[in-house]
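For reference, the chains in residue letters:
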Amino acid sequence: MKLSNSKGKLAVITGGSSGLGYAIAHKLALQGFDLLLVARNEQQLNEAAEQLAADTGVKVQTTSVDVSKEEQVISLYETVRNLAHSADLIINSAGIVSAGFLEDTPLTEWDRLYNINVRGLVSVLQTLLPDMIKQSSEDGKQRHIVNIASAAAYTCTGGMSAYGFTKAGVVALGESLAHEVASSKIGVTTVCPEFVNTPIGNKVTLFGRMENPRSRRRIEKMFERSTITTEQLAEKVISAIESNTLLAPAGKQATLAYRFKRFMPVRFFNMIHNTMKF
C-alpha cells in the first residue's frame, strides 16, 4: 500500500493515545491520513488528538473503547461508518505485558493478556474488516492491516510464557489472515519489536518467583537497552506497510534474534537458556 497520496484516507489506531500507537499516528498524519484514535483513557485520547491536530492539521477523531469488551468494540462499526465507507488502514497496537513462570501466573492473568492482546485484536478486525473487503472490491484500492506483536513471540524466554503465547498467536493470526484477504488487495503486516524504552518498562506486573528486585531490575534493563525508539519503530511500520512486509522484526536485537533462531534454533535455545535467567 503506497502512502504517498493518503489525504482523506482513514487510519484506525488502537492504543493510539500514547506510546507506539501515538508515534505511528503522528507519522500517518504527516502522510495525510485522517485518524481515529481508539483507547480506554478518554482524557489521554483528547490530549493526543489535540496535539496531533495542532502538529499536522489533519482530522483527528477519538473513541473511548476497551478492546477486551466486545460490546464496546462493536460500537467501532458505527463510528467508522460515520467517517468513511471503511477504514483504509487498521493499526492494532493496543496491548499489555506481564511476566511470571507458568505455574506462578494466575489463570486470571492469562485471561487478561489473551483478552487484550489476542481476542481484542480479533474483535476489532471482525468488526471492521468486512467493510474493508467490500470497499476494496468496489474501488479496487489497496488497504492494509498492521498488528503489533513482539519479539517475545519467537525469543520465548523463561518467565514470559503467558505474554509470549499471546504474541506468538498474533504472528500466526497475521500470516493466516494475509492468505485470506490477499485477493481483496488488503495487505497484512505483523511487527515484532524488541522491548522499547517507554514508561511501561517500570510498570510490568510480575508474579510469583519473579516478583523480586533482581528480576524487576533485569526487565527494566531490557527496556533501557532497547536499540529502537518509538519514532524509529513508527518509521519501520510505515516502511513495512509500503513494502507489504509480512513479518517485520524491529530493532537490532529483535532482528538478530529472529535470524539466529531461524537458522540455528538449537544454539539459539541454549543461548537464551544460559543467559536469560530471572
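Located above this text is the structure these notes cover.
Residues numbered from 1 in each chain as written. Predicted model: local features only at pLDDT ≥ 70, side-chain atom pairs only at ≥ 80, totals over all residues. Heavy atoms only, no water.

**Observations regarding the sheet that holds strand β4 (residues 89-92)**
This is how the line gets drawn: Should DSSP find at least two bridges between two strands, the strands are regarded as paired. By the criteria applied, helices consist of DSSP H or I runs no shorter than four residues and strands consist of E runs no shorter than two, each listed in order from the N terminus. Axis definition: a line fit to C-alpha positions, over the contact stretch in the case of helices; interaxial angles, taken between N-to-C directions, run 0 to 180 degrees. Residue contacts are defined here by distance: any two heavy atoms, one from each residue, within 4.5 Å place the two residues in contact.
The seven strands lie next to each other as β3-β2-β1-β4-β6-β7-β9, forming an open sheet whose pairing is parallel. Whereas interior strands pair on both sides, the edge strands pair on one side only; in this sheet they are β3 (60-64) and β9 (247-250). Neighbouring strand axes in the sheet, compared pairwise and without regard to direction, differ in orientation by 15 degrees on average. As judged from the five bridges shared by strand β1 (residues 10-14) and strand β2 (residues 34-39), these two strands associate in the parallel manner. Pairing of I13 across the sheet is with L37, part of β2. Each of β2 and β3 is contacted by helix α2 (residues 42-56), which is oriented at about 175 degrees to β3, the strand it contacts most.

**Overview of the pairing of strand β7 (residues 186-193)**
Here is the rule: Burial classes: relative accessible area under 20% of the type maximum marks a residue as buried, over 50% as exposed, and values in between as partly exposed (1.4 Å probe, protein chains only).
Across the eight residues of β7, eight count as buried, placing the element largely inside the fold. Relative to β7, strand β6 (residues 143-148) runs parallel, the two sharing six bridges. Across the sheet, N147 pairs through a bridge with T190, a residue of β7. Alignment of β7 against β9, held across four bridges, turns out to be parallel. When the bridges of β9 are listed, C192 appears paired with P249.

**With respect to helix α3 (residues 70-81)**
Let me state the cut-off plainly: Relevant arc is that of directions from the helix axis to the C-beta atoms, nothing else.
Restricting attention to buried positions, one finds in α3 the residues V73, L76 and V80. All buried residues of α3 fall inside an arc of 20 degrees around its axis, so they share one side. Buried residues along α3 sit in contact with β1, β2, β3 and α4 (107-139).

**Section: the pattern of salt bridges**
Rules: Just to be clear on terms, a salt bridge is a Lys or Arg side-chain nitrogen sitting within 4 Å of an Asp or Glu carboxyl oxygen.
For the structure shown, the criterion picks out eleven salt bridges. Across the pair R119 and E70 runs a salt bridge whose closest N-O atoms are separated by 3.6 Å. A residue pair is termed long-range when its members are at least 10 positions apart, and R119 in helix α4 and E70 in helix α3 qualify at 49 residues. Take R119: its relative accessible area is 35%, and that puts it in the partly exposed class. When its relative accessible area of 42% is taken as the criterion, E70 is described as partly exposed. A salt bridge links R217 to E220, with the nearest nitrogen and oxygen atoms 3.2 Å apart. Residue R217 and its partner E220 are both found in helix α7 (residues 213-224); the two are separated by three residues, about one turn of the helix.

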